[in-house]
Structure formats: structure tokens, C-alpha cells
Amino acid sequence: DLEGRDGSLPDFTTEQYKDAYSRINAIVIEGEKEAHDNYVAIGTVIPEKADELKKLAIMELRHMKGFTACGKNLGVVADMEFAQRFFAPLHGNFQKALENGKITTCFLIQAILIEAFAISAYHVYIRVADPFAKKITEGVVKDEYLHLNYGQEWLKANLATCKDELIAANKENLPLINSMLDQVANDAQVLYMEKEELMEEFMIAYQDSLMEIGLDAREIARMALAAIA
Amino acid sequence: MFGLIGHSTSFDDAKKKAMDLGYDHIAQGDLDVWCSAPPQLVEHVNIVSAIGKNIEGAYIDSCFVPEMLGRFKTARRKVLNAMELAQKKGINITALGGFTSIIFENFNLLQNKQVRNTTLEWERFTTGNTHTAWVICRQLELNAPLLGIDLKKARVAVVGATGDIGSAVCRWLSERTGVQELLLVARQQQPLIELQKSLGGGKILGLEDALPEADVVIWVASLPKTLEIDKAKLRKPCLMIDGGYPKNLDEKFNGSGVHVLKGGIVEFFTDIGWSMMELAAMEKPRREMFACFAEAMLLEFEGCHTNFSWGRNNITLEKMDFIGQASEKHGFSVIGLNPKLQAAIA
Ligand SMILES: NC(=O)C1=CN([C@@H]2O[C@H](COP(=O)(O)OP(=O)(O)OC[C@H]3O[C@@H](n4cnc5c(N)ncnc54)[C@H](OP(=O)(O)O)[C@@H]3O)[C@@H](O)[C@H]2O)C=CC1
Ligand SMILES: [Fe+2]
Ligand SMILES: [Fe+2]
């Protein structure tokens, strides 16, 4: 039937919730830390943008502190080892691109894929977060749009020369995002965040940003859906 | 700019459509993939009306399919995300086609004004139900006489009488058309009683009892029709106006002497350069379309940027007059019975 209820909030105090939160929270903290490092690293390859990138990096550190506080507030110890393992493949690809001076790939991984992933996850989380975390996450997600936008602008300005690399980098890295999502699907579910919704939110953010960069609708659908279909 | 939010009639159709459009990856995905797929703006179009007004529009596929109706959260997301996309694209007036408006109403999406960082502006959207109701009434008035049905002596059953479209149709037929009797069909009794009171007439009947009595049956119920109907019990001639979605009554009554008309469909006076209606299985895909979609065009032609059809039970005869006049003025006509059939009857 066409009946339906609106989602209620999870019980933030159960062991089950805290256990799942220890990994999700760690991923977020690690993600923010790596985002900081990545923007600083990109700045070393494009020195004329180093100052701007440094500003983004500082925001990421602030995010990291905010999310650390969210874990503390719930009495949860973040499982940082898990988080490092979680990010290792993407981290590895970023480092490899950096060593080879592949700026397009670096921007795609950090400023598009990771930012779109963060934006989508934060949007879904905001709907089911505890009040303390909700407030912090709402502030963070606004910043992440700035970062996504920064990456977009750079790629848009350089599209003529970077399109092939962009498509290749997408092909290699988007599946990683999908498998990362798979790995946390069960924990996310405990937090009332559904994989289906996370994926959809990601696709929307990702698709929008490819559109901004200047790709056409079919190219985008092909790129974006390569991960799930 | 006007917008249309549409969806496929079934999951199989959707996959075929995606393949035709070159979205191979999603075409090959299973239902879960579709549940995660974002809305797509698939087509832009330019239209010049019969009086020379020039407008632009866009077609958005919400990636919803009726198989998702059981998944409340999914269906809700599909509708809201498609609306957000329409608004982000700066579209002034967008029609919520097919199940979209029904999901919006039945799931009470009015309380979901905030979609991510977009605050939905309701005045940018219309259900298109006023035009749909007007078109269905005109289809009845024009086609019943062709079958030798004298409306003054006819019983007209409205299945879904208490719905947004159904109630408007009832009001029009009782005040403007003057049919002998309205047979009011729906499941819940209380709304039926209230409708009967407001109409000052009409007979409340169950579907089984209404069908054998009806010279004309108008189907405007919101759920897929799985019911079995005994053709032998129907009157002959009987005009059936299939205003439901999907339109599948034709197959049920094929060859039984009952005349089925695709309800709520209009034809534009000239070809439109889009391919979307081919996929919506219209007979003349360059000219035919759902009346609800046409309403968004009409509002754009008229520069009437407001949620013209909105909520439930707000359709007045004045509004039907306005949209009906605009419809004729800009070059739309309602779909009638197949001309071959008309010749055979004559
Ligand atoms: N151009 C077109 O072709 C268009 C077609 N439509 C279609 O028109 C139909 C009606 O739309 P709308 O008026 O907005 O919908 P509503 O939800 O407002 O109304 C639905 C009506 O159908 C009744 N109904 C539902 N299920 C049954 C059933 N099993 N048996 C009898 N009555 C039933 C409801 O009453 P109760 O619940 O009490 O039974 C109610 O009266 C839909 O199928 C929609 O898709 C809509 C727009 C455009
Ligand atoms: Fe961040
Ligand atoms: Fe960021």
C-alpha cells in the first residue's frame, strides 16, 4: 500500500550503536585527516595555488576535531586502525598519482570522489545523528561543498587537457568508493543510514559535479554508474 | 521554462528506455541499482504554440518505477530528488507526472521541503490534475454520442470518484454535462458520502455493482488494476475512459464490444521534436502526451508560474475552464476513439 512512516532516530546509547560508531566515526576522522594531507600535498605540485589549498586543508583539520568531539560525546573510542586500512587503497592511488605529477587524478580522488562521498554520507547522517553531531555535521557539509567546488573549478578550467586522465582515473577509483561503501554498509545500517540512500546521495553529488566540470549527460551516466552497475 | 517529471510504466520498460537512450550501465542494473540511481534530465525541447508562443522545456526521468511503490523511502526519495533537480535547473513550472503526484500526496511530502541544500518552492510545481480532469470530461462529452450514448439518459460510473481527478470530474459532469446519474465508486465510504452531499446527488456503489449499470466508466483510481472484470456483465455499448496509470484496460476488453479510450491524453496540433513520448508508448509520440504534462506547458505558454493544481480537492470548475480554454487556444485537442472504429459505428 502507499502508506509509510518517517524514520525515527536510533538509540545512541546501546552497545551495538557505539560499536558501529567506533568504526564509522574513525573513518570520518581519518578521512578528514587525509583530506588535510592531500590538499597540502596538491599545493606542493601547484605552488601558485598552495595558499588557497592550505586554507582548505585547515578546514579539514577543524572537521577532524569536530568529529573527534562527536565520538567523545557518545563515549566511543574510534577504531583508527580500521580506518587506515579502510582508506589504504584510495590513499595508495593518491600517493601514486602525486609521485607521477598527475594533478587531475589527485583532484579527482580528493576534491571530487572523497568530497562527494563525504557530502553524501554527511547528508544522510544529518537525518539520523544525535543532536550534538548533527549540528557539527551541518557546519562541515557546507565546507565540503566549497572543496568540491574548488576541485570542479580546477578540472573545468583544464578540461581540454585533462579529460582522458579524468575518465581513466574515474574508472580506477570509483569502484574503490563502491567497495568502501560495501565495507561499512552494515555499520551504517546500525546508525540508520541505508546503503541505497548513501549510494544515491553519492551519485547525485558526483553527477552534479561532473556536470559542472563540463561533461555531457551520457558520459556522466556512464562514468557515474560504472561503480554500481 | 517548463518541466516534466516522468517515469517508466514498469521496470522492464525502464531498462529498455535506458538502453535506447544510451544509458547502458543503468539499463543492465537490477532493481537495487535503480533504487540508487539519481534522477536524469534526459531531454530539452522547444515548442511553438498554435498562436505562436515560443517556450522551452525539459524532461526529467525520476528513475522511479511502479515496482518501487512498496518501498516507501525509495519512492519518496525519487520524487523529492527529481523535484530538486527541476528546481536546481531553474525550471519555472514542472508537472509531477504519473505516480509522482500520488506519491507526493499520499506520502505527505509537503513536510519534506528541505532537500539537501535546496528548499523546494512548491509554486514551481503542479500535479497537472486540473487539465487531466478537464480532458477526461471533454473526452466523455465528445465520444459518448459517437457510440450512440445519449448523455442525458446515461449512467456514468467514476471509479476513484473521491480522488483529486475523480471528484473534479464528478463536479463537472453533474454541473456542466448533465448526465442522468453518477455512480460513485471508491473503497472508503466516508469520503464518498461527503462527495455525494457536496454534489447533491450520485449513487454510491461497489465496483461490481456499478459496472453492469454503467453506459460510461471513467477509471481514475490510483492503483494498478489487477482486478478481473466479467465482460459479459457490461452494457453494450459501453464507453470506458482509462484515466489510470498504466493504461492497460484496452487489452482486457479487446474485441468484446466495449470501447476503451485512453483517458487524459491530448494531441498537439503539430510535431514536437522530442523522443520521450515514444518511450511512454504513445501512438503518435511526436504529438500525444499526458494531459498533466500539457498543463505545465500551458502554464508556461500563459506565463502563469504558480502551482495551479496542488493538494487534493482544490480543482474548481473555473480552473477547469481556464486550463481548458488555454488548451484549445494553444493547439491541444483531446484524444478520441479510433477513427476506423468511428467509421464502423457510423
Ligand atoms: N494524464 C493522465 O493519464 C493522468 C493520469 N493520472 C492517473 O489518474 C489516477 C487518479 O489520480 P488522482 O486523482 O491524483 O489520485 P487520488 O489518489 O487523489 O485518488 C484515487 C482515487 O481512487 C480511489 N481508489 C484507489 N484504489 C481503489 C480501488 N482499488 N478501488 C476503487 N477505488 C480506488 C481512491 O479512493 P479510496 O482510497 O477510498 O478507494 C480515490 O478516490 C491515477 O491512476 C493517476 O496515475 C494522473 C494524472 C494524469
Ligand atoms: Fe572535511
Ligand atoms: Fe573537504
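Conventions and cut-offs
Residues numbered from 1 in each chain as written. Chains lettered and ligands numbered in written order. Predicted model: local features only at pLDDT ≥ 70, side-chain atom pairs only at ≥ 80, totals over all residues. Heavy atoms only, no water. UniProt positions renumbered as here; feature names shortened; annotations may be inferred. Helix = DSSP H or I, 4+ residues; strand = E, 2+ residues; numbered from the N terminus. Rg over C-alpha atoms; globule rule 2.2 N^0.38 Å. Buried < 20%, exposed > 50% of the residue type's maximum accessible area, 1.4 Å probe, protein only. Contact = heavy atoms within 4.5 Å. Areas by Shrake-Rupley, 256 points an atom, 1.4 Å probe, with all protein chains shown as cover. Donors = N, O, S within 2.8 Å, 3.2 Å for Na, K, Ca; no water. 1 Å grid on protein atoms, 1.4 Å probe; cavity = no way out; pocket = protein on both sides within 12 Å on 5 of 7 lines; lining within 4 Å. Points joined across faces, edges and corners; volume = space filled by probe spheres on them. Nonpolar A, V, L, I, M, F, W, Y, C, P; charged D, E, K, R; others polar. Pairing = 2+ DSSP bridges. Buried area = accessible area lost by both parts, 1.4 Å probe. Salt bridge = Lys/Arg side-chain N within 4 Å of Asp/Glu carboxyl O. Polar contact = N/O pair within 3.5 Å; in protein donor to acceptor, adjacent residues only side chain to side chain. Arc of directions from axis to C-beta. Phe/Tyr/Trp six-rings, centres within 6.5 Å; stacked < 30°, edge-to-face > 60°. Lys NZ or Arg CZ within 6 Å of the ring centre and 35° of its normal.

With an unreviewed UniProt entry as reference, chain B is termed Long-chain acyl-[acyl-carrier-protein] reductase, source organism Prochlorococcus marinus. Its UniProt record gives chain B a comment under Cofactor (unreviewed entry), which states: "a divalent metal cation".

J.: Provide a residue-level description of the overall build of chain B, including the pertinent values.
T.: In terms of helices and strands, chain B carries 14 helices and 16 strands. Here the C-alpha atoms of chain B give a radius of gyration of 20 Å, agreeing with the 20 Å that 2.2 N^0.38 yields for 346 residues. Summarising its shape, the C-alpha atoms of chain B cover approximately 55 × 45 × 40 Å along the three principal directions. The proportion of buried residues among the 346 residues of chain B is 58%. Pairs at least 24 residues apart make up 68% of the contacts formed inside chain B by residues separated by at least 6 positions. Here chain B displays about 13,500 Å² of accessible surface, and carbon together with sulfur accounts for 48% of that area.

J.: Describe the coordination of the iron ion (ligand 2), naming the residues involved and giving the relevant values.
T.: Residues and elements named next belong to chain A. For the iron ion (ligand 2), the full set of protein donor atoms is E32 (OE), E32 (OE), E60 (OE), H63 (ND1) and E144 (OE), at a range of 2.0 to 2.8 Å. Written as a sequence motif, the donor arrangement for the iron ion (ligand 2) is E-x27-E-x2-H-x80-E. Here the iron ion (ligand 2) and the iron ion (ligand 3) are spaced 3.4 Å apart, with E60 acting as a shared donor. With E60 in helix 2 (residues 50–73) and E144 in helix 5 (residues 131–157), the pair connects residues that are 84 residues apart, well separated along the chain. Grouping residues by exposure puts E60 and E144 together as buried.

J.: Give me the lowdown on empty space enclosed by the protein, citing residues and values where you can.
T.: Per the counting criterion, the structure on display carries four cavities of 30 Å³ or more. Taken as a whole, the largest cavity holds about 390 Å³ of empty space. Taken together, 26 residues make up the lining of the largest cavity; nearest its centre are A:I27, A:V28, A:F117, A:A121 and A:Y122. Secondary structure elements with two or more residues in the lining of the largest cavity: helix 1 (15–45), helix 2, helix 4 (103–126) and helix 6 (159–190) of chain A. Residue classes in the lining of the largest cavity are distributed as 19 nonpolar, three polar and four charged. In this structure, the second largest cavity encloses a volume near 120 Å³. Along its surface, the second largest cavity is lined by 13 residues, and B:A18, B:Y23, B:W34, B:D61 and B:C63 are the ones closest to its centre.

J.: Quick rundown of the sheet that holds strand 7 (residues 125–126) of chain B? Include the residues and the values.
T.: Residues and elements named next belong to chain B. Taken in spatial order, the five strands line up as 2-3-1-4-7 in an open sheet, and their pairing is mixed. A strand with exactly one partner marks an edge of an open sheet, and here the two such strands are strand 2 (40–48) and strand 7. Direction of pairing for strand 2 relative to strand 3 (residues 54–61): antiparallel, over a ladder of eight bridges. Residue pairing across strands places Q40 opposite D61, the latter belonging to strand 3.

J.: Outline the interface of chain B and chain A, supporting the account with residue identities and numerical values.
T.: Facing the 30 residues of chain B at the interface are 28 residues of chain A. The junction of chain B with chain A conceals about 2,700 Å² of combined surface from both sides, 52% of it contributed by carbon and sulfur atoms. In this structure, the connection of chain B to chain A is made through seven salt bridges. At the junction of chain B and chain A, the tally comes to eleven residue pairs in polar contact (both at pLDDT 80 or more). In terms of residue count, the dominant contributor to the side of chain B that touches chain A is helix 4 (residues 72–88) of chain B (eight residues). Here the residues of the side of chain B that touches chain A sort into 13 nonpolar, nine polar and eight charged.

J.: Now, about helix 8 (residues 189–199) of chain B: what can you tell me, with residues and values included?
T.: Residues and elements named next belong to chain B. If you check which residues of helix 8 are buried, you get L192, L195 and L199. Projected onto a plane normal to the axis of helix 8, the buried residues spread over an arc of 60° and lie on a single side. Turned more than 90 degrees from where helix 8 packs its buried face, K197 and S198 sit exposed. Buried positions along helix 8 lie against helix 7 (164–177), strand 9 (181–185) and strand 10 (203–204).

J.: Talk me through the packing of aromatic side chains; I want residue IDs and the actual numbers.
T.: This model, assessed by the stated rule, comprises 20 aromatic pairs over all chains. Note on A:F107 and A:Y150: the rings are 6.4 Å apart at their centroids and 40° apart in plane angle, and the pair reads as tilted. Of this pair, A:F107 sits in helix 4 while A:Y150 sits in helix 5; the two residues are 43 residues apart in sequence, bridging distant segments of the chain. We classify A:Y150 as buried; its relative accessible area is 17%. Among the aromatic side chains, those forming a connected cluster through ring pairs are A:F12, A:Y17, A:Y21 and A:Y125. A cation over an aromatic ring shows up here: B:R176 above the ring of B:W172, its NZ or CZ 4.9 Å from the ring centre. When the ring centre of B:F308 is taken as origin, the NZ or CZ atom of B:K319, which lies over that ring, is 4.8 Å away.

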